Amino acid sequence: MSVDNATVRRVARLARIAVSDDDVEAMKGELNTILGFVEQLGEVDVTGVEPMTSVIPMVMKKRQDEVTDGAKADDIVANAPAHDENFFMVPKVLE
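Figured I'd write up the structure that's included with this text. (Residues numbered from 1 in each chain as written. Predicted model: local features only at pLDDT ≥ 70, side-chain atom pairs only at ≥ 80, totals over all residues. Heavy atoms only, no water.)

**Structural notes on the packing of helix 1 (residues 5-14) against helix 2 (residues 21-42)**
Relative orientation of the contacting elements helix 1 and helix 2 amounts to 95 degrees, with a least axis distance of 9 Å. On the basis of the axis angle, helix 1 is roughly perpendicular to helix 2. In contact with Asn-5, Val-8 and Arg-9 of helix 1, helix 2 contributes Asp-21, Val-24, Glu-25, Met-27, Lys-28 and Leu-31. Across the contact of helix 1 with helix 2, the residue classes tally to four nonpolar, one polar and four charged. (Axes fitted to C-alpha atoms, helices over the stretch in contact; angles between N-to-C directions. Helix = DSSP H or I, 4+ residues; strand = E, 2+ residues; numbered from the N terminus. Parallel < 35°, antiparallel > 145°, perpendicular 65-115°, else oblique. Contact = heavy atoms within 4.5 Å. Nonpolar A, V, L, I, M, F, W, Y, C, P; charged D, E, K, R; others polar.)

Printed below as a string of structure tokens:
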């Protein structure tokens, strides 16, 4: 895949990068180099290679998916100027 000047300008606009006309050629070469490397990675034979999440084998720690209130409601409203039970009380804004 080859990148042209219009693609460089479009990528720069999407990335919100100001690229002058003089820099377009340099960026075009850099993007083509990056895409060439990605194409090389696609040619690597990875059959039999397990996907990794870490460089060392480890088991992910898991917990039960339970819905709780966090047991912190009293601590959260403790510093509020006004509260009723576990709710913040705020002044009325609209009448």
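**Considering the environment of Gly-29**
By secondary structure assignment, the location of Gly-29 is in helix 2. For Gly-29, a relative accessible area of 34% gives the class partly exposed. Each C-alpha atom, one on Gly-29 and one on Met-89, is 61 Å from the other, the two residues being 60 residues apart in sequence. (Buried < 20%, exposed > 50% of the residue type's maximum accessible area, 1.4 Å probe, protein only.)

**Details of the pattern of salt bridges**
In total, this model carries one salt bridge according to the counting rule given. Among the salt bridges present, the one from Arg-9 reaches Asp-21, with a minimum N-O distance of 3.4 Å. Remark: Asp-21 occurs in helix 2 and Arg-9 occurs in helix 1; sequence separation between them is 12 residues. When its relative accessible area of 60% is taken as the criterion, Asp-21 is described as exposed. (Salt bridge = Lys/Arg side-chain N within 4 Å of Asp/Glu carboxyl O.)

**A look at unusual backbone geometry**
With phi around 60 degrees, Arg-16 is a residue other than glycine that occupies positive phi space. Among the secondary structure elements, Arg-16 is positioned in the loop between helix 1 and helix 2. In this model, Glu-85 sits at a positive phi of 55 degrees, which is unusual for a non-glycine residue. If you trace the backbone, Glu-85 turns up in the loop between strand 1 (83-84) and strand 2 (87-88).

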